[in-house]
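Fold and geometry: a report
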Amino acid sequence: MPVPTTVKSKKPPGAGLKVAKPASKKKDEEEGVDQGDGWDEWAQGKALIKPPDQLELTEEELKEEFTKILTANNPHAPQNIARYSFKERSYKPISSVDQMAVHFVLEGNLIHVDSEEARRQRARQDQTDDAAAAEDAEEAEVLGEEERPDSVEAQIGKKEQKVTNQFNFSERASQTLNNPLRERSCQTEPPPRCNFSATANQWVIYDAYLEELEKQEKNKDKQKTFSAKKEEDKLKKNKMVTETQSDDVTKVVKVVKIFERMVNQNTFDDIAQDFKYFEDASDEFREQEGTLLPLWKFQYDKAKRLSVTALCWNKSYQDLFAVGMGSYDFSKQGHGMLLLYTLKNSTCPEFVYPTSSGIMCLHIHDRLSHLVAVGFYDGCVAVFDLKAEEGGAAQPAFKSTAKAGKHTDPVWQVRWQNDDMDNNHNFYSISSDGRVVSWTLIKNELVFSDVIKLSLEGALPESCGTSFDFHPKIDFLFLVGTEEGKIHKCSKAYSSQFLETYQAHNMAVDAVKWNQFHPKVFLSCSSDWTVKIWDHTIRTPMFTFDLNSAVGDVAWSPYSSTVFAAVTTDGKVHVFDLSINKYEAICQQPVVAKKKTKLTHIEFNPIHPIIVVGDDRGYVTCFKLSPNLRKKPKEKKGQEVPKGPEVEEAKMEKLLSLLREPDYNSV
């Protein structure tokens, strides 16, 4: 900072001064000092001479004080430097200018005697002298007294030690080459510029405001048209996008999945080859019997203590199937799990949805393969959307509640149906509370309506439904199996009465399935060890098979109207072909390693000749049918074998015509 100082003005030479008298001469004479010759001349030469242009100042002017401020600014530094700014497109003054001025610079090698570096040099010199003295003492001991270091010969032969320069000395190790400094600069081209000019009038500003208001009103109308569900879906998608952008791992999920499938394909290459090409050659030596070839075994570690309660193939992706995990031990109910496996990866499921209650049934939509309807043990029904969350969320897209018509007992079966008149998706469910309920997906909720309520004649007011199935061609017709062993033929149009009741089984009906080719035939199984084939126009069964164990599930084959399969609690799979043998199965094969393992469900693949079987230990096993289990009519020379659903329907009708009596009891 500037320091104010006070400077007193001095008198000009000769201004207001008197000539001093030689008083020192008198003092020297008194003291006895000899002044010598020329004293007078010297005294005369010291007389002050006043310049002719000397100012005449008074005493007051001489005593006047002048104040000056000393600053650190360089008076020769430029103060008006300006540089061009491309950002503001104008010249801007530079405020910061270097004010330092260097007058003299000298680089030397002198160091202070009391500095730290000087002390280190002295210590290093002392160590060198001590080491040299020690070496001389050792040489004196070796050479003896004749050649002592202090002898004349030793003094002559000894070289004088060079003393390092204390002022200009540096070690070799520190003499490094300093690279010359280089300056590098570049110049960029200025951004392109253009001249724009316009005249802003009052009406121009008014028109601009009107256009902006119209845009805002249009945006508000568009936002109102979107429903609440779409807004929530948009928020979820935006959230997923931000999460995927922030998480680097999600960028390689697809690549990792492909690598995983490649590794599994290499690991299970022999199974993949068997699935595609293997045919059991021993079937040629068997007349009517066939076998099941084990392929893959699916298991999820977190679902070991759960049972397989439902199986369903995906109609759009034939290698994908869903597995419902729960428990049939009603005293030990807990959580459940929805798993989706693919034949391309048997080690880990593609989608995993843990649930708070055990899953008892499920069904995948035939057209919209990403929608999965699920029924729980606690009476709820839900719909999982595989596409919306890509398997990452545990919560379903739709779920029933106590306020929205939730069942009071376990839901035993669910089935998707055709869309209603408003193109809303809907499915049906049946429960032990005796209700058959239709669920419609409207916006973000499930809307229910009771289709029919099962009832009994007698003391019990309600009948417990255990299974049902809808006719593949007649939309309003469906069958309902009950816990009392009866099968009711019902219609969607009549909610208060049944079209027909069949005294089917002595115990609960575990499954009832319509034939996909013949419009009159359906199949049922029960825990009373029997499997029965019915014509819904006749009250008595057409075929009855006793399997010597409780039957868990049955399924029609998708390629033949006379082939079906069943699983029993003793761990066996039974495959029947009525066109080959009307009395017993053409394949009875145990498929479990442990004797106490019970088979619960079975499903045919819609395209490939394979089946999947689930058990009560959480395992799902895939088997390939041997050629005898999927026989086709032999082709004759010159004749084409007829194919199609009409042929399959005629094949089943031929079998039924042999069993019908001329005056059978029709419904």
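Note: the structure precedes this text.
The shown structure was predicted, so the numbers you read here are calculated from the model rather than taken from an experiment.

A few words now on the sheet that holds strand β16 (residues 435-442). Strand order across the open sheet formed by 4 strands is β14-β15-β16-β17, with antiparallel pairing between neighbours. Edge positions in the sheet fall to β14 (411-417) and β17 (445-453), since each of these pairs with one other strand and no more. The average undirected angle you get between the axes of adjacent strands in this sheet is 25°. Across 5 bridges, strand β15 (residues 426-431) lies against β16 in antiparallel orientation. The partner of Asn426 across the bridge, within β16, is Thr440.

For the rest of this paragraph, the subject is unusual backbone geometry. One non-glycine residue, Trp529, lies in the positive phi region at around 80°. Within the element layout of this structure, Trp529 appears in the loop between β23 (521-526) and β24 (530-535). Of note in the backbone geometry, Asn548 takes a positive phi value of approximately 65° without being a glycine. Mapped onto the fold, Asn548 is located in the loop between β25 (543-546) and β26 (551-556).

The subject of this paragraph is the pairing of strand β27 (residues 563-568). Counted residue by residue, β27 has 6 buried out of 6 residues, so it is predominantly covered. Residues Val563, Ala565 and Val567 line one face of β27 and the alternating positions Phe564, Ala566 and Thr568 line the opposite face, and both faces are buried. Direction of pairing for β26 relative to β27: antiparallel, over a ladder of 5 bridges. In the strand pairing of β27, Trp556 is matched with Phe564.

Another point: a positive patch on the surface. Judged by side-chain charge, Lys297, Lys594, Lys596 and Arg617 come together as a positively charged surface patch. Tracing the sequence through the fold places Arg617 in the loop between β31 (610-615) and β32 (620-625). Among the residues examined, Arg617 registers a relative accessible area of 33% and is labelled partly exposed.

Take the sheet that holds strand β8 (residues 336-342) next. Across a sheet, strands are paired by hydrogen bonds formed along the backbone, either parallel or antiparallel in direction. What the 4 strands build is an open sheet, ordered β6-β7-β8-β9; its pairing is antiparallel. Single-partner strands in this sheet number two, and they are β6 (307-313) and β9 (351-355). Along the sheet, successive strands turn relative to each other by an average axial angle of 20°, direction set aside. Where β8 meets β9, 5 bridges bridge the pair, whose relative direction is antiparallel. Looking at β9, one finds that Leu340 is bridged to Phe351.

About the thresholds
One numbering rule holds for all chains: residues counted from 1, following each sequence as written. Local features are withheld for residues below a pLDDT of 70 in this predicted model, meaning they are given only at 70 or higher, and side-chain atom pairs are given and counted only at 80 or more; totals for whole chains, interfaces and linings count all residues. Side-chain metrics rest on all non-hydrogen atoms present in the structure, leaving aside hydrogens and water. Pairing between strands is defined by DSSP: at least two bridges between the two strands are required. A run of H or I in DSSP counts as a helix once it spans at least four residues, and a run of E counts as a strand once it spans at least two, with each numbered from the N terminus. Throughout, an axis means a line fitted to C-alpha atoms (over the contacting stretch in the case of helices), and angles, computed between N-to-C directions, take values from 0 to 180 degrees. We call a residue buried when its accessible area falls under 20% of the maximum for its residue type, exposed when it is over 50%, and partly exposed in between, using a 1.4 Å probe and counting protein chains only. Here a patch means residues that are over 30% exposed by relative accessible area and free of salt bridges, tied together within 9 Å if like-charged and within 5 Å if nonpolar (Val, Leu, Ile, Met, Phe, Trp, Tyr). Note that accessible areas follow from Shrake-Rupley with a 1.4 Å probe, and for residues the cover is restricted to the protein chains shown. We count a salt bridge whenever a side-chain nitrogen from Lys or Arg sits within 4 Å of a carboxyl oxygen from Asp or Glu. When charges are counted, Lys and Arg are positive and Asp and Glu negative, with His and the chain ends excluded. Every charge is mapped onto a representative atom, which is NZ of Lys, CZ of Arg, CG of Asp or CD of Glu.

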